[in-house]
Amino acid sequence: MANAASGMAVHDDCKLRFLELKAKRTHRFIVYKIEEKQKQVIVEKVGEPIQTYEDFAASLPADECRYAIYDFDFVTAENCQKSKIFFIAWCPDVAKVRSKMIYASSKDRFKRELDGIQVELQATDPTEMDLDVLKSRVN
């Protein structure tokens with residue numbers, strides 16, 4: 001069903017890939033793209049569990065908006081292995097204004113489709129979503 005604010009639908013594959021990441025941990029990250037002609041959010045790229053954060057960051061275009069999910073593994077102060085699922089709204093300053101508006105107006109509806117997001121980040125340049133930022137947000 002299309003979002004009343006922006007008219008964007010969410011492709012079923014978006015939810016399916018997210019559930020695979022959340023339940024089976026078969027992906028490290030997922031990059032989503034709004035396909036304007038089809039008026040829907042689609043999966044653009046899926047990262048294998050062995051891929052690194054650098055692989056994830058490199059998969060986000062420098063001049064276009066995207067939504068992304070990243071499964072962040074970390075060790076707590078008590079030496080416990082944990083993970084958090086991050087939702088990242090990537091909207092670089094150099095992206096087209098129309099694109100920024102569409103991504104901003106569709107974000108909340110899209111997030112509601114992905115049940116299990118633990119931390120949300122908004123980033124306009126790579127420094128706003130580097131590993132240190134992720135580490136600071138898990139505590």
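In the annotation of an unreviewed UniProt entry, the entry for the protein reads Actin-depolymerizing factor 4, and the organism field reads Cardamine amara subsp. amara. Of the protein, the UniProt comment under Sequence similarities (unreviewed entry) reads exactly: "Belongs to the actin-binding proteins ADF family."

1. What to know about the overall build of the protein
When helices and strands are tallied, the protein shows 4 helices and 6 strands. In the protein, the succession of α and β elements from N to C terminus is β-α-β-β-α-β-β-α-β-α. Radius of gyration (C-alpha) of the protein: 15 Å, near the 14 Å computed for a compact globule of 139 residues. Here the C-alpha coordinates of the protein stretch approximately 45 × 30 × 25 Å along the principal axes. Scored against the burial criterion, the 139 residues of the protein give a buried share of 42%.

2. Focus: the pairing of strand S5 (residues 81-90)
Judged from the 10 bridges that link them, strand S4 (residues 66-75) and S5 form a sheet pairing that is antiparallel. Looking across to S5, one finds that Asp73 is bridged to Ser83. Between S4 and S5, which follow one another and run antiparallel, lie 5 residues, and Asn79 among them has a positive phi close to 70 degrees. The sheet contact formed by S5 and strand S6 (residues 119-123) spans 5 bridges and is parallel. Each bridged residue has a counterpart across the sheet, and for Ala89 the counterpart in S6 is Gln122.

Cut-off values and rules
Residues numbered from 1 in each chain as written. Predicted model: local features only at pLDDT ≥ 70, side-chain atom pairs only at ≥ 80, totals over all residues. Heavy atoms only, no water. UniProt positions renumbered as here; feature names shortened; annotations may be inferred. Helix = DSSP H or I, 4+ residues; strand = E, 2+ residues; numbered from the N terminus. Rg over C-alpha atoms; globule rule 2.2 N^0.38 Å. Buried < 20%, exposed > 50% of the residue type's maximum accessible area, 1.4 Å probe, protein only. Pairing = 2+ DSSP bridges.

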